[in-house]
Every structure is written in structure tokens, then in C-alpha cells.
Amino acid sequence: MPKTAPLRTRPARLAEPMASLGGLLRDWLPRQRWFAGKDRPVAELGLLSMTELFPGCLHLLVHTGPGPVPAPGGAPSAGDCYQLLLGVRERPSPRLGRALIGQVQDGPLAGRTVYDALHDPRTAQLLLERLRLPGKAGPLRFECDPSRPVPGGLAPRILDAEQSNSSLVYGDEFILKVFRRIQPGVNPDLEVPSALARQGCGRVPAPVAWLRTTHPYGATLGVLQPFLHDATDGWALALDALAAGDDFTAQAHELGRTMAEVHLALASAFPAGAPGENGRTAAAMTERLTAAAHCVPALRPFVPGLRTAFAALSTCDSGPPAQRIHGDLHLGQVLRAGRDWFVIDFEGEPSRPLSERRSDHSPVRDIAGMLRSFDYAARQRRPWRPEWARRCREAFCAGYADRAGWDPRKKHGLLRAYETDRAVYEVLYEARHRPDWLPVPMAAIERLAVRGD
Ligand SMILES: Nc1ncnc2c1ncn2[C@@H]1O[C@H](COP(=O)(O)OP(=O)(O)O)[C@@H](O)[C@H]1O
Ligand SMILES: O=P(O)(O)O[C@H]1O[C@H](CO)[C@@H](O[C@H]2O[C@H](CO)[C@@H](O)[C@H](O)[C@H]2O)[C@H](O)[C@H]1O
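Reading the values: rules and limits
Residues numbered from 1 in each chain as written. Chains lettered and ligands numbered in written order. Predicted model: local features only at pLDDT ≥ 70, side-chain atom pairs only at ≥ 80, totals over all residues. Heavy atoms only, no water. Helix = DSSP H or I, 4+ residues; strand = E, 2+ residues; numbered from the N terminus. Expected span 1.5 Å × (residues − 1). Buried < 20%, exposed > 50% of the residue type's maximum accessible area, 1.4 Å probe, protein only. Contact = heavy atoms within 4.5 Å. Near = heavy atom within 4 Å. Polar contact = N/O pair within 3.5 Å; in protein donor to acceptor, adjacent residues only side chain to side chain. Areas by Shrake-Rupley, 256 points an atom, 1.4 Å probe, with all protein chains shown as cover. 1 Å grid on protein atoms, 1.4 Å probe; cavity = no way out; pocket = protein on both sides within 12 Å on 5 of 7 lines; lining within 4 Å. Sits in = over half its atoms within 2 Å of the grid points. Nonpolar A, V, L, I, M, F, W, Y, C, P; charged D, E, K, R; others polar. Pairing = 2+ DSSP bridges. Axes fitted to C-alpha atoms, helices over the stretch in contact; angles between N-to-C directions. Parallel < 35°, antiparallel > 145°, perpendicular 65-115°, else oblique. Left-handed = near helix turned anticlockwise from the far one by under 90°. Salt bridge = Lys/Arg side-chain N within 4 Å of Asp/Glu carboxyl O. Core = buried A, V, L, I, M, F, W, Y, C linked by side-chain atoms within 4.5 Å.

A. Main features of helix α5 (residues 249–269). In this model α5 runs 30 Å from its N-terminal to its C-terminal C-alpha over 21 residues, within 8% of the 30 Å that 1.5 Å per residue would give. Buried within α5 are the following residues: A252, L255, G256, T258, M259, A260, V262, H263, A265 and L266. Contacts from the buried residues of α5 go to α3 (188–198), β15 (334–337), β16 (340–343), α9 (364–378) and α10 (386–404).

B. Structural view of the site of ligand 1. Taken together, 17 residues surround ligand 1, and among them N165, K177, Q225, L228 and D345 come closest. Take S164: an N or O atom from its main chain is 3.2 Å from an oxygen atom of ligand 1. Protein coverage of the free-state accessible area of ligand 1, which is 550 Å², stands at 86%. Judged by the fraction of its atoms near the pocket grid, ligand 1 is located in the largest pocket. Tallied by class, the residues present in the shell around ligand 1 amount to eight nonpolar, six polar and three charged.

C. Inspection of the sheet that holds β15 at higher detail. Pairing within the open sheet is antiparallel, and its three strands lie in the order β14-β15-β16. Looking at strand neighbours, the two that pair on one side only are β14 (232–233) and β16, the edges of this open sheet. As defined by bridge partners, β14 adjoins β15 across two bridges and the pair is classed as antiparallel. Of the residues in β15, the one forming a bridge with D233 is L335. This element, α5, spans β15 and β16 of the sheet and lies at about 45° to β16.

D. The packing of α9 against α10, seen in detail. Two elements in contact, α9 and α10, have axes separated by 8 Å at closest approach and are oriented at 155°. Classified by the angle between their axes, α9 and α10 sit roughly antiparallel to one another. Judged by the twist between their axes, the crossing of α9 over α10 is right-handed. The residues of α10 that touch α9, namely those facing I367, M370, L371, R372, F374, D375, A377 and A378, are W388, A389, C392, R393, F396, C397 and Y400. Classifying every residue of the contact of α9 with α10 gives 12 nonpolar, no polar and three charged.

E. Main features of the site of ligand 2. Close contacts around ligand 2 come from 16 residues, with S164, D328, S373, Y425 and E426 the closest. Between an oxygen atom of ligand 2 and a side-chain N or O atom of Q333, the distance comes to 3.4 Å. Coverage of ligand 2 by the protein chains reaches 93% of its 540 Å² of free accessible surface. One can see that ligand 2 is located within the largest pocket. Among the elements of the structure, α9 and α11 (412–433) are those that each provide at least two residues to the shell around ligand 2. Residue contributions to the shell around ligand 2 peak at four residues, all from α11.

F. Representation of the pattern of salt bridges. Enumeration over the complete set of coordinates arrives at 37 salt bridges. In this structure, the salt-bridge partner of R390 is E387, at a minimum N-O distance of 3.1 Å. Of this pair, R390 and E387 both sit in helix α10, separated by three residues, roughly a single helical turn. Taking the relative accessible area as the measure of exposure, R390 reaches 42% and is therefore partly exposed. Judged by relative accessible area, which is 41%, E387 ranks as partly exposed. Put simply, R393 and E419 hold a salt bridge, and the shortest N to O gap is 2.8 Å.

G. Representation of the nonpolar core within the structure. Among the nonpolar cores identified, the biggest contains 65 residues, and L196, L299, L306, F374, W388, F396 and I445 are the most heavily contacted of them. Not counting residues up to four positions away in its chain, the partners in contact with L196 are C201, V204, V262, A265, L266 and F346. Ranked by size, the runner-up nonpolar core spans 37 residues in total, among them L48, A117, L128 and V223.

H. Layout of the pairing of strand β12 (residues 209–213). The element β12 is extensively covered by neighbouring structure, given that four of its five residues are classed as buried. In this structure, strand β7 (residues 140–144) lies alongside β12, joined through five bridges in antiparallel fashion. For L140, the partnering residue across the bridge sits in β12 and is T213. Examined bridge by bridge, β12 and strand β13 (residues 219–226) share five bridges and lie antiparallel to one another. When the bridges of β13 are listed, A209 appears paired with L224.

I. Broad picture of the sheet that holds strand β8 (residues 156–158). Pairing within the open sheet is antiparallel, and its seven strands lie in the order β6-β7-β12-β13-β10-β9-β8. Of all strands in the sheet, those with a lone pairing partner are β6 (135–137) and β8, marking the two edges. Adjacent strand axes in the sheet meet at a mean angle of 20° when their direction is disregarded.

J. Structural view of unusual backbone geometry. The residue after H215, namely P216, is reached through a cis peptide bond having omega 5°. For the bond running from R382 to P383, omega is -5°, close enough to zero to count as cis. Inspection of the secondary structure assignment puts P383 in the loop between α9 and α10. A positive phi is found at D172, a non-glycine position, where the angle reads about 55°. Take D172: it is sitting in the loop between β9 (166–170) and β10 (174–178). Of note, D345 is a non-glycine position whose phi angle comes to about 60°, a positive value. On the secondary structure map, D345 appears in the loop between β16 and α8 (354–357). A relative accessible area of 19% places D345 in the buried class.

Honestly, that's just the spatial picture; any functional story needs more than this.
This is how it looks when you write it as C-alpha cells:
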């Protein structure tokens with residue numbers, strides 16, 4: 001892309017830019033994969049913070065309703081906050097392609113073309129330059145681990161993956177995840193891998209630099225970590241194995257061992273909080289089911305059957321103690337390089353509040369997530385391959401038991417409840433993001449509600 005024209009409007013004068021940018025962003029936001037509020041129009045759109053990061057590049061935190069824009073330091077309001085990096089240039093360019101957001105009609109930016117600057121190699125390069133050394137820009141703080149220096153001049157490319165955030169890869173050596181939906185507090189995707197690195201856990205790429213903001217509240221905005229360039233994610237490997245009719249149990253077994261290792265490292269890295277309590281967990285799961293059935297009518301006939309899984313949880317033995325976990329474990333979150341598995345993306349389920357994602361949970365929740373993922377993979381082939389999934393699930397649990405010292409297969413009631421809770425989450429996720437995929441978790445819902453296995 002050609003060099004962007006410097007913005008001659010001073011940032012302070014852009015205090016009212018939502019009036020001019022608002023229309024464009026209202027159209028553009030709901031079309032982004034990472035935008036969570038697809039089920040409602042963007043009625044409210046307000047500016048929480050704006051920083052001119054480089055000439056021609058604005059860093060924005062915007063609030064989308066339904067609630068009003070919260071006042072700094074004031075009470076939280078219903079709605080979400082998103083991080084945007086907007087490129088602003090004098091003239092449109094066909095090279096902007098799908099990065100184009102549109103042309104501003106009025107206000108201080110009238111006539112300028114606005115685009116998603118993460119697609120602009122120059123912005124990507126400048127971003128890495130800022131991250132390599134500590135520094136600040138307005139409320140933004142660029143920080144790094146001085147023991148893990150990052151070389152300059154690495155060529156950037158935007159990752160073309162179905163993601164909840166946006167990622168840039170630099171010279172196949174580092175990957176920068178730019179969080180899109182921002183919540184106050186430290187993001188577990190920075191907190192957890194940093195803590196695991198301090199434990200010497202080699203199964204998780206360690207953050208080397210990160211971006212945070214101090215306004216309108218403290219929050220993590222991005223994390224740079226080593227890119228495992230020779231790795232393939234577990235989802236792609238599982239689909240390849242299915243297509244070739246290959247067995248995947250050796251890989252699943254090794255993956256089970258890896259997850260147990262990561263859970264053990266997490267338990268040492270974070271002091272244990274209050275012990276988990278099944279009755280309270282069952283109540284929370286039932287509440288989530290009720291909320292999901294409210295949004296997805298197809299769930300409703302199965303609610304009574306699913307509730308029995310949660311009711312049974314209240315009477316189960318307590319199981320392994322609650323601890324920090326991954327929180328959104330599936331085959332897309334594990335990468336295999338050579339014979340080793342690595343675990344990424346410790347953000348947790350993106351739709352849940354950060355406080356909940358950062359609290360302790362049963363490790364069975366992660367195990368259930370991975371077991372569901374084998375089922376997802378097996379359902380990508382027709383006729384679907386229940387045996388393939390069953391063998392992988394067995395092997396994963398056996399590998400986990402080898403390393404953890406307790407066997408998930410002996411915790412049937414816990415596993416059923418957590419699998420049910422995960423399938424309910426998936427129904428909601430698919431209904432919002434990929435309606436064509438809804439039959440996949442719905443098949444599990446039917447199985448769990450009717451047969452309970
Ligand atoms: N350290 C890494 N090395 C190699 N690939 C990675 C690494 N981190 C992420 N990826 C790739 O980027 C994709 C998206 O990363 P992820 O952290 O899951 O983002 P999101 O939370 O937006 O879904 C992953 O599926 C994986 O293919
Ligand atoms: O974007 P994230 O990786 O944080 O996770 C979200 O998106 C996932 C899909 O990309 C979704 O996972 C579901 O689909 C997977 C196949 O694409 C499957 O392997 C998982 O088992 C299934 O849950 C995940 O739930 C969601 O949080």
C-alpha cells in the first residue's frame with residue numbers, strides 16, 4: 001500500500017469524530033468476525049479513547065451499546081468495548097481491498113478514506129518497532145521482556161484465519177495478537193503464558209512484548225510471542241487424519257499428557273483459591289442453559305434432559321480441585337511441531353466476563369472442551385465417524401491420566417455436566433457466528449439430553 005498521508009487534524013480536535021466516523025463503523029463492525037454483538041444493530045457507538053499512533057493511523061477504543069457510553073471512572077454500562085486501528089488517507093486506493101471501511105462524509109475527517117490499518121504493512125511494521133522497546137503514546141504503554149529481545153525489520157503479514165481477534169505474523173518468527181474486544185484488567189492470554197514461562201513450562205509460547213492502555217481503564221490490548229512456524233494446529237491434523245482414514249489415537253494420547261502437564265504447571269503457577277463447589281457450578285451451568293435456550297429456540301425441547309446432567313453434578317464427588325485452566329480448549333488451540341504439542345490462546349471463552357475467565361475452575365472443563373472437539377472433527381466427514389471420535393476421546397483421557405495421576409474417565413458425572421455446559425456454549429457460539437455449523441453441537445445436545453452419555 002502507498003504511504004499514508006499524515007493526519008493534519010490534531011488528535012484533540014478529533015474529540016467529536018464519532019459523529020463523522022459513526023455511520024461507517026456502524027456498518028462495518030457487525031461484518032467483522034470478531035464483533036460479538038451480531039444479533040443486535042449497533043445503536044450506540046461512542047469513543048472511549050483515541051490516540052494518533054503514527055501519522056495517518058488512529059488507535060481507538062469504541063463502546064457499542066445497548067447502554068450509553070460509560071463516563072471515565074463511572075459505573076459500567078451494558079455493551080462492549082472494541083479496539084480499532086484506523087488508517088486515514090487522503091484518497092481511496094484499490095489496494096486497500098477488504099481493509100477499506102469507507103469514505104468519511106463530514107466532520108474533521110470529511111473526504112478522507114478510512115481503513116483497517118492492521119492490513120497496512122507500514123502500520124504493522126511501525127507497531128513492531130514500538131513494541132521492541134518500552135515506551136508510551138497517550139494512554140498506550142508498550143512493554144517488553146528485556147530478556148527476550150525482538151529483532152527489527154521483520155516482514156509483517158496479517159494472518160488470514162477465522163479468529164476472535166486479529167493477528168500479525170512477523171518474519172515467521174513472532175506473532176502479535178491484537179485483542180479486539182477489550183475488558184478492564186489483565187488479559188489471561190498475557191497473564192497465563194507469562195506465569196507458565198516463569199515456571200519453566202515449555203508447552204506454551206512465552207510473551208516477549210505487549211501493549212496495554214491506562215485509559216479509560218487498565219486493559220491488555222495485544223501480545224507478541226514467538227511464532228511456531230513449523231507447527232500445524234490440531235484441528236487441521238485431525239481433519240487430515242479423518243480424510244486419509246488414519247488413526248489419531250497416538251496424537252490424542254500425547255495431547256492428553258501435554259494438557260495434564262500444562263494443568264500441573266498452572267496449579268503451581270497460581271495459588272489455589274477457594275475449593276470448587278459442585279452445587280454452585282451446577283447452578284451457574286443451569287443459568288447459562290436457560291439464557292442460551294432463550295436465544296436459540298432449537299435448544300428448548302432438550303432443556304429438561306440437559307438439566308438432569310447439572311442436577312446430577314450437585315451429588316458428584318468434588319473431583320479435582322479448582323485451579324486456573326485454559327478455559328476454551330479445543331483442537332484449534334493446540335499446535336503440533338515435530339512430536340510435541342504446544343498450547344495457545346489462554347483468553348478463555350471470549351463472551352464470558354474477564355473476572356470469570358481469570359477465576360479458578362475444574363480442569364474437567366478443559367478436558368470436556370477437547371473431548372467435544374474430537375466430536376466436532378468427526379462430524380466434518382460424511383458419514384460421520386463416531387468410532388474415530390470415541391477412540392480419540394479414550395486416548396486423550398488415558399494420556400491425561402498417565403501424567404495427572406487421576407483418570408477423567410472415572411469422573412463420569414463431572415464429565416457429562418462439563419461436556420453439556422460446553423455444548424450449550426457451542427450452540428450459542430455457532431448460532432451467533434456460524435449458523436451453518438449449528439447442527440454439530442446440536443447433535444451432541446441431543447445425545448447428552450436423551451442418552452446422557
Ligand atoms: N505462537 C504461535 N505459533 C504459530 N501459530 C500461532 C501461534 N499463535 C497463534 N497461532 C495461529 O493463529 C491462530 C489464531 O490464534 P489464537 O490465539 O487462537 O487467536 P484468536 O483468539 O483470535 O482465535 C491459531 O489458530 C494458530 O493457527
Ligand atoms: O476463536 P477461538 O479459538 O477463541 O474459539 C472460538 O471459536 C472456535 C471456532 O473457531 C470455537 O470452537 C468450536 O469449533 C471448533 C472447530 O472450528 C471445534 O474444534 C471446537 O471444539 C468448537 O468448540 C470455540 O468454541 C470458540 O470459543
